[in-house]
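So the chains spell out like this:
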There are 2 protein chains.
Amino acid sequence: MAVYTQVSAEALAAFLARYDAGELVSAKGIAEGVENSNYLVETTRDRFILTLYEKRVDAGDLPYFMGLLDHLAGKGLPVPPAIKDRNGVEIQELEGRPACLIKFLSGVSLSHPTAPQAEAAGRAMADMHAAVADFTLDRPNSMGADTWQPLFGKCGRSLDQIAPGLYDDLGFAIERVVPAWSGDAFDRCAIHADLFPDNVLMLGDEVTGLIDFYFACTDIRVYDLAVMHSAWSFDATGRDYRPDIGDALTRGYASRFPLSPFEAAEFGKLASGACIRFALSRAWDWLNTPADALVMRKDPLAYVRRLKHYDPALVTRVA
Amino acid sequence: MAVYTQVSAEALAAFLARYDAGELVSAKGIAEGVENSNYLVETTRDRFILTLYEKRVDAGDLPYFMGLLDHLAGKGLPVPPAIKDRNGVEIQELEGRPACLIKFLSGVSLSHPTAPQAEAAGRAMADMHAAVADFTLDRPNSMGADTWQPLFGKCGRSLDQIAPGLYDDLGFAIERVVPAWSGDAFDRCAIHADLFPDNVLMLGDEVTGLIDFYFACTDIRVYDLAVMHSAWSFDATGRDYRPDIGDALTRGYASRFPLSPFEAAEFGKLASGACIRFALSRAWDWLNTPADALVMRKDPLAYVRRLKHYDPALVTRVA
């Protein structure tokens, strides 16, 4: 959410010379995305996002992410492909960081999407899942169900500093929810795994961009909808569920990918898994970020409250 | 250098409706300028910078700043005027902050300007000084010579924590330099007072923008050139003076505003004043910013070294 690596105008002009992309006209560091450095770059020809990958993105994963962006853009989805330089290379190095020049997409991220906007976003996710049917790359989910128990263990009893009872509640929830991921009962495919409203660009009720694929991975297809459902359908505190938004997301998704009776029956468990995943990563950041740091800590309890919404039996100790 | 106040897309669209400026197409928070929040906003019609003024800019000063921008833009200078809404109002309120919508200018800030670029920038400053001959508003310099002794007093002996001898050296320098500001020996006018390379946009050797006027004030005209000279002509550490850059700045400025013999003779004293001003404000920030804060502290000694360049007799204790 900040610019970590400074790129001088001189270095940027030299970088752009590798591409058939026009001459540098303007560059502004932008506050966007996960922990990467991003610039909005304008040339005499077009506009681009320049991303420098900081340590949170593993450079070894970039071929997967860029392959997925290319694949989806090639199918006509509103996904920003990386630009190839004159030698056909997408993943470059700049100021000592892996770096990609990416197509700029119009549109704004909404803070309070309406039901028609949520329906369009759900449909866009289904389009994405349809488009990856012939995508051949694989990437394990680095925040997947098999990582929750180890991350829970690393947080340990400190969880109870966030809220008394959190350790027991999360431990119990993991035990109950993780088994849903075993076996082959669910379809699996490339999923976005982080499709918060931040990561959907819209103009009016139209989706103009799906962005920030840096958690994309192979996982249960309907889990992607569950992540979206838990992210979009509540207020920031996780207290107020908005059924009109939740229903619109599901309706949009189901218009292209109807949920099977099994998926519909298990949806609450997948959504509970999404809540565990975000509660845990937020708890870890919370316990490891000083309270006076300038980085905003996100409240883990906002996801514990969502977990209680999806399955009240999983949250019995946290008030 | 960060986005302090978040503006939702919904609030921004409503804000834009006050203007005859087109519909919202894109908005990105940008990392730019002094401690304000800035967004690069694109509409169906044009591009703009939206600035929300945080506490470092006094809202009471905005009519002066906006009046100056308007005045300079009206004279054809590459200065971004604030846009008036349908009722002719420039200074608005958004998310509880004073806010202005400002014309977007192309160009990039250079990290290592060449001599021809420095000459063009010096000439642009002289154009600005010529253009304010009939500008009637006044604003005292909030970081002017009369503020140095009080700020020095607030820093006190803690200055020696930055470098042994700094308290004595700065105290002595203030005593020697401040008297240059008394009397009417120098022309005074509206000056930028902070024209670092960051605040000059260029395309090739052409100046396309002068920005960030939030230290602008009435002060000694040639002091503006002295601030620029001390900012542009050294490497970041203040150790290496680049005479080709310093000469080019002065040559560009003098092509429109030749220095009088008196101004030329006193230039070193004005430049020493500029070094005191930035050494002091950086020292204050240094002493009041925790070392582990995410904000980058700028080294006050980089300006003490410049001070020594302009007048070796003023820096005898700091190594």
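Residues numbered from 1 in each chain as written. Chains lettered and ligands numbered in written order. Predicted model: local features only at pLDDT ≥ 70, side-chain atom pairs only at ≥ 80, totals over all residues.

Next up on the list: the environment of B:Tyr19. Residues and elements named next belong to chain B. Its place among the elements puts Tyr19 in the loop between helix H1 (9-16) and strand E1 (24-30). Residues Tyr19 and Phe186 lie 167 residues apart in sequence; the distance between their C-alpha atoms is 43 Å. Apart from the residues within four sequence positions on either side, Tyr19 is in contact with Ile83, Asp85, Arg86 and Leu101. (Helix = DSSP H or I, 4+ residues; strand = E, 2+ residues; numbered from the N terminus. Contact = placed C-beta atoms within 7 Å.)

With that settled, consider helix H6 (residues 166-177) of chain B. All names here are of chain B. In a regular helix each residue adds 1.5 Å, so twelve residues correspond to 16 Å; H6 covers 16 Å between its end C-alpha atoms and thus fits that length. For H6, the complete set of buried residues consists of Leu166, Tyr167, Asp169, Leu170, Ala173, Ile174 and Val177. Mapping the buried residues of H6 onto a view down its axis gives an arc of 165°, with all of them on the same face. Contacts made by the buried residues of H6 are with helix H4 (145-155), helix H5 (159-162), helix H9 (261-288) and helix H10 (301-310). (Expected span 1.5 Å × (residues − 1). Buried ≥ 20, exposed ≤ 12 C-beta atoms within 10 Å, placed from the backbone. Arc of directions from axis to C-beta.)

All names here are of chain A. When the domains of chain A are assigned, the result is domain 1 (9-103) and domain 2 (115-314). The centre of domain 1, based on its C-alpha atoms, is set 27 Å off from the matching centre of domain 2. The interface of domain 1 with domain 2 comprises 16 residues on the first partner and 17 residues on the second. Of the residues belonging to the side of domain 1 that touches domain 2, the class tally is eleven nonpolar, three polar and two charged. (Domains from an automatic or database assignment. Nonpolar A, V, L, I, M, F, W, Y, C, P; charged D, E, K, R; others polar.)

Residue and element names in this part refer to chain A. Mapped onto the elements, Leu201 comes out in strand E7 (residues 200-203). Overall, the presence of 21 C-beta atoms within 10 Å leaves Leu201 in the buried class. When the C-alpha atoms of Leu201 and Leu110 are compared, they prove to be 7.6 Å apart, with 91 residues separating the residues in sequence. For Leu201, the residues in contact, after removing those within four places along its chain, are Leu105, Gly107, Val108, Ser109, Thr208, Gly209 and Ile211.

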